Amino acid sequence: MDIEIDPIHLPPRIKNFTEGWTTKDIEEKDSILIITNKLFTLDLNTEEKTLFNYTGDIFFYQICNDTYYEFVAGFKQGKMIDIEQVQPFIED
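The structure displayed is predicted, hence computed values, not measured ones.

Novice: Looking at this structure, how should I read a negative patch on the surface?
Specialist: On the surface, a cluster of negative charge is made up of D25, D57, D82 and E84. On the secondary structure map, D57 appears in strand β6 (residues 56-64).

Listed below in structure tokens is the structure:
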């Protein structure tokens, strides 16, 4: 399933990559996920945006500037509770 993400949740070097993310955790036919501080589905046929009342983690990934990036976002009843960069691993 394709994902669009609000750039506030992305590192500065890839903030322009808001579209084209992919997940295999959720499969919704004819729709995409939109991640802001909440989780929405966008029906591609009707263009209707609906709050997705999901609880759990969603892993999503994309290649940006020749580098593989992967994140995991945690949701509780459709609200984001955390997001972490999984790949590439960067120590603080």
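Novice: Honestly, the nonpolar core in this entry has me stumped. Any pointers?
Specialist: The tendency in soluble globular proteins is for nonpolar side chains to be buried side by side. W21, L33, I35, L39, I58, F60 and F75 are the most contacted members of the largest nonpolar core, which totals 20 residues. For this core, the secondary structure elements donating two or more residues are β1 (2-5), β3 (31-35), β6 and β7 (67-76). The element contributing the most residues to this core is β7, with four residues. With residues up to four places along the chain from it excluded, the contact list for I58 reads I3, T23, D25, I26, L33, L39, F71, V72, A73 and F75.

Novice: Just checking my understanding: could you explain the environment of E48 for this structure?
Specialist: Inspection of the secondary structure puts E48 in the loop between β4 (39-43) and β5 (49-51). Residues E48 and K38, ten residues apart in the sequence, show an inter-C-alpha distance of 16 Å.

About the cut-offs
- Residues numbered from 1 in each chain as written.
- Predicted model: local features only at pLDDT ≥ 70, side-chain atom pairs only at ≥ 80, totals over all residues.
- Heavy atoms only, no water.
- Patch = residues over 30% accessible without salt bridge, like charges linked within 9 Å, V, L, I, M, F, W, Y side chains within 5 Å.
- Areas by Shrake-Rupley, 256 points an atom, 1.4 Å probe, with all protein chains shown as cover.
- Salt bridge = Lys/Arg side-chain N within 4 Å of Asp/Glu carboxyl O.
- Lys, Arg positive; Asp, Glu negative; His and termini not counted.
- Charge placed at Lys NZ, Arg CZ, Asp CG, Glu CD.
- Helix = DSSP H or I, 4+ residues; strand = E, 2+ residues; numbered from the N terminus.
- Core = buried A, V, L, I, M, F, W, Y, C linked by side-chain atoms within 4.5 Å.
- Buried < 20%, exposed > 50% of the residue type's maximum accessible area, 1.4 Å probe, protein only.
- Contact = heavy atoms within 4.5 Å.

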